[in-house]
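Here are the chains, one letter per residue:
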Amino acid sequence: MSVNDTVKEFIEQARWFGGKGRDFEVAGFRRLGTVGTDPRLDLDLVTLDYGDEREYYQLPLVHYAEPQEHLEHALVGSWDGGHVYDAVHDRAAMAHLLASFDTPPTEGPLRFERLPGHDLDLSTHSTLFSGEQSNSSLAFGDDALLKLFRKITPGRNPDVTIHDVLTRAGSDHVAALYGWLETDSLVEGQVLQLGMLQQFLRTATDGWDLALASVRNLFVEGDLHADEVGGDFAGEAARLGVALRETHETLAEHFPRETRDAAAQSALATAMGERLDAAVRVVPELAEHAPALREVFGRVADLSDVPIQQIHADLHLGQTLRTVKGWKIVDFEGEPAKPLAERVLPDSPWRDVAGMLRSFDYAPRVVERTHDDSDPDAADQRAFRAREWSKRNRETFLLAYADGPLGVDEQLLLSAYVADKAVYEAVYEARNRPSWVSIPLDAIAKVVAA
Ligand SMILES: Nc1ncnc2c1ncn2[C@@H]1O[C@H](COP(=O)(O)OP(=O)(O)O)[C@@H](O)[C@H]1O
Ligand SMILES: O=P(O)(O)O[C@H]1O[C@H](CO)[C@@H](O[C@H]2O[C@H](CO)[C@@H](O)[C@H](O)[C@H]2O)[C@H](O)[C@H]1O
């Protein structure tokens, strides 16, 4: 088998590969740089050709002369007389990267950039994060987290740019950026950012997991209200609201702020309508709600002077981490499916708020699904509690975020973003978790009934 075919097979089964199910060929293989010897770590860039478009993926590959038993699960293939493994699984290869952040090479194509203020702990070893992630993240002990980007879009990565700005501004709501890895390359004449090193949040618990635990707690005590059980989430929802407001304020101070005029608002309404049209083709059940949704989107076309700025753009509870020092927000890459040029455009902060409101709707619905519905009374009671949990946390979060009631225009814009996100989710679920598609569909039915 050729090296290209071997690499293609490896990419197809990788959990970070975003093009699953699509036909592609490996059209090119380019060495971006090499770090260390014995073992040698190559950072390679693979070009994938889908026929109508191309994408680039980063492959960190470690080479050994002899087979490595402990890396068997990470074998990519054997070529050039050696054995080649996915390097994120190899502590020796990852130690080369950490050492290079500490003492950057003085020559060569790779640039290991650092922010001042933190001495890396070189005595640590790497542990790869598991889970459904679009990139590969590794913890170095309790000290640092390295995220190696997999899909590489030429140009600056917003995750790096935004963490850089928020770290320098002293924000309490992100993990501090320690540095990043980049290279100039001939690919589209732009910089390629390959990885990001940041503070490891040792005491972090995922916001989504915390929300699920709170709902489970509530379901155990079927006769108690959300505010009467031990795991009530409202205090956390309020703190999250404040954390998001403060993050938006800091972003507004350091990135350009604009206002969207009537023409731009009209373009927003059109874009939401187009996303709906495309979604109906994937999820035909959306069709019955389409006229009412179009009305919701149409109302935002009449607004003008809408403030826009840098936002997170892909916010949900799974992008929040609760630490002993409060809530942190992660992953500022924007919606991965969108092209970079669109992802870096300013947008209304209400889009982020809408993302969180949708998550507060999801959490109880997901827990409900794991319960045995053999007792219809208990199921009804759980459905009632689920609605109560969601409403309580959405309202508390929103009140804390806005620090008061919303104006009519703000409410209108927020409802449109909520509906737009639910339309996006209907497609996402149909493609990834078809049995969950009723969660966004039910939410859409509620929006249009309101
Ligand atoms: N600084 C950090 N410290 C500890 N865990 C983190 C940190 N940043 C992100 N995580 C966790 O690492 C995982 C991957 O992070 P994320 O930025 O969402 O990656 P991806 O871009 O691959 O989706 C998530 O589970 C997230 O909660
Ligand atoms: O984290 P990603 O950028 O990969 O986001 C995608 O996956 C999310 C699921 O992990 C998905 O989020 C949806 O499901 C969540 C529960 O699993 C829920 O909290 C979110 O509100 C809901 O949107 C997200 O839409 C998708 O882009």
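Residues numbered from 1 in each chain as written. Chains lettered and ligands numbered in written order. Predicted model: local features only at pLDDT ≥ 70, side-chain atom pairs only at ≥ 80, totals over all residues. Heavy atoms only, no water.

**Q** I'd like to hear about the sheet that holds strand 9 (residues 144–148), residue by residue, with values.
**A** Here we have six strands laid out as an open sheet, ordered 6-11-12-9-8-7, and antiparallel in their pairing. Both outer strands of the open sheet, strand 6 (110–114) and strand 7 (126–128), are each paired with one neighbouring strand and no more. Between one strand axis and the next, the sheet turns by 20° as a mean value, whatever way the strands run. Pairing between strand 7 and strand 8 (residues 136–140): three bridges, direction antiparallel. Residue pairing for strand 8: Thr127 is matched across the bridge by Ala139. Running over the sheet, helix 2 (residues 91–102) touches strand 6, strand 7, strand 8, strand 9, strand 11 (177–184) and strand 12 (191–199) and is turned about 65° from strand 6. (Pairing = 2+ DSSP bridges. Helix = DSSP H or I, 4+ residues; strand = E, 2+ residues; numbered from the N terminus. Axes fitted to C-alpha atoms, helices over the stretch in contact; angles between N-to-C directions. Contact = heavy atoms within 4.5 Å.)

**Q** An account of the side chain of Glu368 is needed here, citing residue identities and associated values.
**A** Positionally, Glu368 belongs in helix 9 (residues 350–369). Since its relative accessible area comes to 18%, Glu368 is described here as buried. Setting aside chain neighbours within four positions, we find Glu368 in contact with Phe219, Arg382, Ala383 and Ala386. (Buried < 20%, exposed > 50% of the residue type's maximum accessible area, 1.4 Å probe, protein only.)

**Q** If you had to explain the domain arrangement of the chain to someone new, which residues and values would you point to?
**A** The domains assigned to the chain are domain 1 (3–199) and domain 2 (205–449). Domain 1 and domain 2 are separated by 31 Å when their C-alpha centres are compared. At the junction of the two partners, domain 1 supplies 21 residues and domain 2 supplies 19 residues. Each partner contributes to the roughly 1,600 Å² buried at the junction of domain 1 and domain 2, and carbon and sulfur atoms together form 61% of this total. Broken down residue by residue, the surface that domain 1 buries against domain 2 is led by Pro158, Ile162 and His173, which jointly contribute 36%. The interface formed by domain 1 and domain 2 includes eight residue pairs in polar contact (both at pLDDT 80 or more). Partitioned by chemical class, the residues of the side of domain 1 that touches domain 2 number nine nonpolar, seven polar and five charged. (Domains from an automatic or database assignment. Buried area = accessible area lost by both parts, 1.4 Å probe. Polar contact = N/O pair within 3.5 Å; in protein donor to acceptor, adjacent residues only side chain to side chain. Nonpolar A, V, L, I, M, F, W, Y, C, P; charged D, E, K, R; others polar.)

**Q** Break down the pairing of strand 2 (residues 40–49) for me, citing the residues and quoting the values.
**A** Counting buried residues along strand 2, eight of its 10 residues qualify, which places the element largely inside the surrounding structure. With nine bridges joining them, strand 1 (residues 25–35) and strand 2 adopt antiparallel strand pairing. Bridge pairing in strand 2 links Val26 to Leu48. Counting the residues between successive antiparallel strands, the hairpin from strand 1 to strand 2 contains four residues, one of them, Gly36, with a positive phi of roughly 75°. With 10 bridges connecting them, strand 2 and strand 3 (residues 54–64) associate as antiparallel partners. When the bridges of strand 3 are listed, Val46 appears paired with Tyr57. In textbook terms, the turn of a hairpin is the stretch between consecutive antiparallel strands, and for strand 2 and strand 3 this stretch comprises four residues, one of which, Gly51, has a positive phi near 95°.

**Q** Tell me what's going on with the site of ligand 1, and back it up with residues and numbers.
**A** Near ligand 1 lie 18 residues; those nearest to it are Asn135, Lys147, Gln199, Leu201 and Asp331. Between ligand 1 and the protein, one listed contact pairs an oxygen atom with a side-chain N or O atom of Asn135 at 2.8 Å. One of the side-chain nitrogen or oxygen atoms of Asp331 is found 3.2 Å away from an oxygen atom of ligand 1. Burial of ligand 1 by the protein chains amounts to 88% of its free accessible area of 560 Å². Put simply, the parts of the chain that give the shell around ligand 1 at least two residues each are strand 9 and strand 12. Residues from two domains meet in the shell around ligand 1; each of domain 1 (3–199) and domain 2 (205–449) gives at least three. (Near = heavy atom within 4 Å. Areas by Shrake-Rupley, 256 points an atom, 1.4 Å probe, with all protein chains shown as cover.)

**Q** So, the site of ligand 2: which residues are in play, and what are the values?
**A** Taken together, 13 residues lie around ligand 2, and Asp314, Ser359, Tyr424, Glu425 and Arg433 are the ones closest in. Contacts to ligand 2 include Ser359, whose side-chain N or O atom sits 2.6 Å from an oxygen atom. Within the side chain of Glu425, a nitrogen or oxygen atom sits 2.6 Å from an oxygen atom of ligand 2. For ligand 2, the protein covers 84% of the area, taking 540 Å² as the surface of the free molecule. Elements that contribute at least two residues to the shell around ligand 2 include exactly helix 9 and helix 11 (408–432). Per-element tally for the shell around ligand 2: the top contributor is helix 11, with four residues. Split by residue class, the shell around ligand 2 holds five nonpolar, three polar and five charged.

**Q** Any details on the pattern of salt bridges? Residues and values, ideally.
**A** Going through the model one piece at a time under the given rule, you end up with 35 salt bridges. A salt bridge links Arg111 to Glu113, with the nearest nitrogen and oxygen atoms 3.5 Å apart. Arg111 sits in the partly exposed class, given a relative accessible area of 28%. Owing to a relative accessible area of 26%, Glu113 belongs among the partly exposed residues under this scheme. Between Arg358 and Glu425 there is a salt bridge, with the nearest N and O atoms lying 2.8 Å from each other. Placement of Arg358 in helix 9 and of Glu425 in helix 11 is noted, with a sequence separation of 67 residues between them. By relative accessible area, Glu425 is classed as buried at 7%. (Salt bridge = Lys/Arg side-chain N within 4 Å of Asp/Glu carboxyl O.)

**Q** Go over the pairing of strand 17 (residues 326–329), please, and point to the residues and values.
**A** Bridging between strand 16 (residues 320–323) and strand 17 involves four bridges; their strand directions are antiparallel. Bridge assignment links Arg322 to a residue of strand 17, and that residue is Trp327. Remark: two residues form the turn of the hairpin made by strand 16 and strand 17, two consecutive strands paired antiparallel.

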